[in-house]
Structure formats: structure tokens, C-alpha cells
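Structural description and commentary
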Amino acid sequence: MIDFESFGDRYWQAVGAPSALTGEVAPETVNSECVRAVADYLPSLCWLARADGYIVWYNQRWHDYCGSTPQSMEGWGWQSVHDPEVLPKVVKRWTKCISSGEPFEMTFPLRGADGRFRPFLTRVVPLRDQHGVVQRWVGNNVDVSEQHRMEAELRAAQKQLQELNRSLEARVEDRARQHEATQEQLRQSQKLESVGQLTGGIAHDFNNFLTVIRGSVDLLRREDLSAEKRMRYVEAIGSTADRAAKLTSQLLAFARRQSLRPTLFGVRASLQESVDMISTLAGSRIVINLEMPSDEYFVISDRNQFEAAIINMAVNARDAMNGAGVLTIAMGPVSGIPALRAHPPVVGDFVAITIADNGCGMTEEVRRMIFEPFFTSKRVGQGTGLGLSQVFGFAKQSGGDIRVDSKEGRGSTFTLYLPRAEREVGATSLPDVSLDNPEGKGIRVLIVEDNELVGQFAVDALRQLGYICVIAENAASALAELQNDSSRFDIVFSDVVMPGMSGLELGLEIRRLYPSLPVVLTSGYSHVLAQNGQHGFELLHKPYSIDQLARVFQKSAKWGRGTDGLPK
């Protein structure tokens, strides 16, 4: 790049100062061979102008490019090689610089001898005398067409790259959508397969139950049936109903839809109390090894469901050892749950309970499916495939999780995680009371049931036991009965799932209006109870026996409710 000001100084030293009168350079000086050789050698187009902008000289490079002569370019002749559309801007800028004395810089096209326009970067600097007055302007035009070409190519390449990136992004997004669609189809297929397996298992078991019940009912209709056989068939119906109720309870546990009765209890004490039953189920050839800390650790959960989960895992361990081996039961505090089944780890205070065996272990395929309902690796008739799914559902609904570690031929270890609780936290369920006689003894019950057959059955059965019953078909009718005279009733017994106001909402309203009147809820299943709890109400699960119903009524009536709705 040329330093124009230093070049101008050298130029004037070579050719002499301009005339103070005319401001022009002597022709003989301009034609100096030395100066002309230097100026013509420069690779750019150079020129010299007076202070008023009148150009008095061009180097040979200018004339070679433009195909011009010194006479045609003198003065303002340079305008003839400018683009007419751009020329007004150039003149305006050049005029302003002449007036202000500021350097000029601008890129514009110049027409060459071949008639084509090429872009030039033009810089013009003023030459001043010792007083700072502009005497001359030295101009330099540099052909930047190659630079512009390269910039254009770069812009085109960048545009192509952007288009390529957009194309790639679109392809990636399309692939992602296709992958998600494929995954969704796979999930739907797996869901359908699971539903098919689930419904098939339920249908198989329930058809067995119904066969026993239907057959027993048909036999009970025979007039020549002996009293002994009649009692046997009655017992068969009752036993089958209990097994069907257990099956639905296991299904709800797996689906995390059962209504738990959370209470505070010590895990160490509960495990020690379960050892006798586990020993009986395991048999004499299995050694039970307890590894318990000296301190007790507490959880808030359904103790019955917890003990059922422990027994389920122990029975599976017994079967995996073929009735002989070592069963290790351990528990202790942990500071979190590790990452399980694609879920991130959970940090917090938990109690970990492990059931370990040295049995046959599991393959990886079996280990992945072990918690699915009705899946079992046992022979036909040795398991329903619901035990571990019940444990899984109980763990998740209790705010915990379950982990299984196993290798084929090297045994299995199940670890149940439950949130740890402080000992001071209490339970809200009614205290157990000793009832030698479950008869009604005049207890007055308001039954709220929208199913006519179920409601009438409850009324008939309770009246046989001495209860005084009034039935209401929905919550609105029940509230109307209470508004007439709430003192007529000792207890309200309501189904949970009903059209309009639910039994839970009814119970809360009764607690607000009649805080001393106890409420007992019943349900075969309610997502409201499963998700939100029982709100302190006693809950009787369907199907229930008349004896269970009578005991709950007498217990609730005995303890009653205080003004805060809690047990007295």
C-alpha cells in the first residue's frame, strides 16, 4: 500500500514546489524522466489535481487502462469514464472533500479501454504547505475487481453452505420425526402386547374363579344336598371370592392405583416380625441370614403391603433356590436411589431393604421382564406372575423404587427403596379395638350407594346383624337426610365412586357440617384415593365380608369424630 503523503513529499522534492501565483507545475518539471518513470511504474492508477480539484496529470497506468490521452482527461475529463448512475455520488463526495480538505475514499466503477466497468478503490489525500493550506491532491485508484470476485464467490459459497446446512437440518429433523414415529409405533405395539398379556392372564384367572363360583351355586340349588356339602360349596365360593379380591389388589398395586394406608413403622421391627412367616414358607432347608443395624429406621407406608412385598420376594428367592440355600435379608439407610430403568438417580434419605439368594439367577431377558404382570419364569401352576409386579407398584406408589441384580447361575438380589421418615410423624388411621361381638346392637347407619343391588345387599345383611339402615342413592340424597336430622345416624357408610359428588367429597362435606359424625368409605378402586390418600377416613376395600363391615362400623362408632374431624 502506498503512503500517499510521503510519496507527495518526495514528489515535490523531485519536481519542485508549485508556483505561488498560478498554483501550476512547470511542464518541464512534470516531464522529468525520473519522476515519470517512478509514477508510471506504480501498479495503480495515479493522478494529481490542483487544490480546486482540477486534475492536471495522470500516470501512464491510467491512460493504459482507460484508453485515454492526457488532453481528453485534463480537468474534469475523468467523468467520461465513470458510470453515469454512480457519478453524481462521486462528484458530491469529491466536492465536499475539496471544500473541507478531508481525505477522500470511495469505491466506484471505472470504464476500461475494452468498454467494461471494473470496481476501483479510490483514495485521495491533500498535500499542504507549511501553513497547512491544501496545495494539491494526490489520487490513487486500485483495481479491486479480483477482490470483489473473490468476495462474491465467498458469499456464494456461504450461501451454498447455509442452504446445505438447512438441508441437513431438515433431513435430521425428518429422520428424528421418522425415528419418533417408529418409536411410537414400537411403544404402541409393546403396549398392545402388554395389554394382551395382561387381559389374557386376568381372563384365565377370573374364568377359573367364576367356574368355581358358578359350579358351587348350581350345586347349592340341589334339594338333596347334604348340610356338609352345602357348607363346603359355601366355603368354596367365599375362598374363591377372596382369591379374586387378592388378584385385583395385585393388579392395582402394579398399576400404582391401590389405596394405601400409610402409617409410621420401624422397618427393622417389621422385618423381624416377618421372619417366622418367611421361615415357615421357606422350609427347613433354607438358612435365613438377617443383617440388621442396631438402630431402627422408620418409613411412612402401608405396613401390610410392605410385609406382603417382603414375603413375595422371599417366596421368589425360595423358588429360585429350589428349596435349599441361603436367604439373606438386610436393611439400612442410604442417601439416594441409583439410576434405574432409564430414570435418573434420586438424591434423598431412603431405607434400603435387600433380599438376596444364591439360587439359579436370571438371564438378562428375564431380568428385564421380571416386573411385568403375569410374566413368570416358573412352571405352570407354580406362580401367577403378579407377585413382583405388586412389589414394583407398591414401591413406586410409596415414593420409592425397586432394583434387581442377577446373573445366571449366581443368584439374585432385590433391593427395595422407601423414603425414610422421622420417628415423631404419626398415623391418622383409627386405633384397633377389641370387638368380641360384631352384632349391630342398634347402630344406625346411613348407606350411600348408587348401585341398587349392592346397596340393597348391604342393607339386608346389616339388618340381619341388628343394624338400623337407611339408604341414599347419591350424595345429594344423603346430605338431605342429614339436614332433616343428623342425630338419627351413628355412622355414614358411602361408596367413593358415584355420579356427581364423590364419596370422598361427601365425607369432607359431612366432616365440615357434622364433625362428630364418623364416615366410612368403601371402594373397589378410586384413582382419587390412590393419588390423594384417604384424608383421614376409614376405608373398607371391596369386596368386603359382613364381619369386616360390622367391625369397621363398631370401631368407627366407638371412637367417633371430634370437632376437628380426627379420632377422639
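You'll find the structure just up there.
Residues numbered from 1 in each chain as written. Predicted model: local features only at pLDDT ≥ 70, side-chain atom pairs only at ≥ 80, totals over all residues. Heavy atoms only, no water.

1. Considering the pattern of salt bridges
Opposite charge on two side chains lets them pair, provided their charged atoms get close. Tallied over the full model, the rule gives 15 salt bridges. Glu 105 is paired through a salt bridge with Arg 123; the nearest N and O atoms lie 3.2 Å apart. Of the two residues, Glu 105 sits in strand S3 (residues 104–111) while Arg 123 sits in strand S4 (residues 117–128), which places them 18 residues apart along the sequence. Judged by its relative accessible area of 24%, Arg 123 falls in the partly exposed class. Ionic pairing is found between Glu 481 and Arg 488, a salt bridge with its closest N-O pair at 2.6 Å. Put simply, Glu 146, Arg 149 and Glu 153 are held in one network by salt bridges that share partners. (Salt bridge = Lys/Arg side-chain N within 4 Å of Asp/Glu carboxyl O. Helix = DSSP H or I, 4+ residues; strand = E, 2+ residues; numbered from the N terminus. Buried < 20%, exposed > 50% of the residue type's maximum accessible area, 1.4 Å probe, protein only.)

2. Quick look at the sheet that holds strand S5 (residues 134–143)
Spatially, five strands are ordered S2-S1-S5-S4-S3 in an open sheet, and the strand pairing comes out antiparallel. On the outer flanks of this sheet lie strand S2 (55–58) and S3, each paired with one strand and no other. For this sheet the average axis-to-axis angle between neighbouring strands, irrespective of direction, equals 25°. As paired elements, S3 and S4 share eight bridges and run antiparallel to each other. Directly across from Phe 108, in S4, lies its bridge partner Phe 120. On top of the sheet, helix H6 (residues 87–100) reaches strand S1 (45–50), S3, S4 and S5; it is set at about 145° to S3, its chief contact. (Pairing = 2+ DSSP bridges. Axes fitted to C-alpha atoms, helices over the stretch in contact; angles between N-to-C directions. Contact = heavy atoms within 4.5 Å.)

3. A look at helix H15 (residues 503–513)
All buried positions along H15 are accounted for by Gly 503, Leu 504, Leu 506, Gly 507 and Ile 510. Projection of H15 onto a plane perpendicular to its axis shows the buried side chains occupying an angular sector of 160°, all on one side. (Arc of directions from axis to C-beta.)

4. With respect to the packing of aromatic side chains
Evaluation of the coordinates by the stated rule reveals eight aromatic pairs. Measuring from centroid to centroid gives 6.5 Å for Tyr 54 and Trp 76, while their planes differ by 90°, and the two rings are edge-to-face. Of the two residues, Tyr 54 sits in the loop between S1 and S2 while Trp 76 sits in the loop between helix H5 (70–73) and H6, which places them 22 residues apart along the sequence. Between Trp 94 and Phe 104, the aromatic rings sit 5.9 Å apart at their centres with planes inclined by 85°, giving edge-to-face as the arrangement. With Trp 94 in helix H6 and Phe 104 in strand S3, this residue pair connects regions lying ten residues apart in the sequence. (Phe/Tyr/Trp six-rings, centres within 6.5 Å; stacked < 30°, edge-to-face > 60°.)

5. A few points about the packing of helix H9 (residues 267–282) against helix H10 (residues 303–320)
At a closest axis distance of 10 Å, the pairing of H9 and H10 adopts a crossing angle of 40°. If you check the angle between H9 and H10, you find them oblique. Considering only the axes of H9 and H10, their crossing is right-handed. For the pair formed by H9 and H10, the contact residues are Val 267, Ala 269, Ser 270, Leu 271, Glu 273, Ser 274, Met 277, Ile 278, Leu 281 and Ala 282 on the first element and Arg 303, Phe 306, Glu 307, Ile 310, Ile 311, Ala 314, Val 315 and Arg 318 on the second. When its residues are assigned to classes, the contact of H9 with H10 shows twelve nonpolar, two polar and four charged. (Parallel < 35°, antiparallel > 145°, perpendicular 65-115°, else oblique. Left-handed = near helix turned anticlockwise from the far one by under 90°. Nonpolar A, V, L, I, M, F, W, Y, C, P; charged D, E, K, R; others polar.)

6. Overview of the environment of Val 346
Within the secondary structure, Val 346 is located in strand S10 (residues 346–357). Between the C-alpha atoms of Val 346 and Ser 335, which are eleven residues apart in sequence, the distance is 8.8 Å. Residues within four places of Val 346 in sequence aside, it is in contact with Ser 335, Gly 336 and Ile 337.

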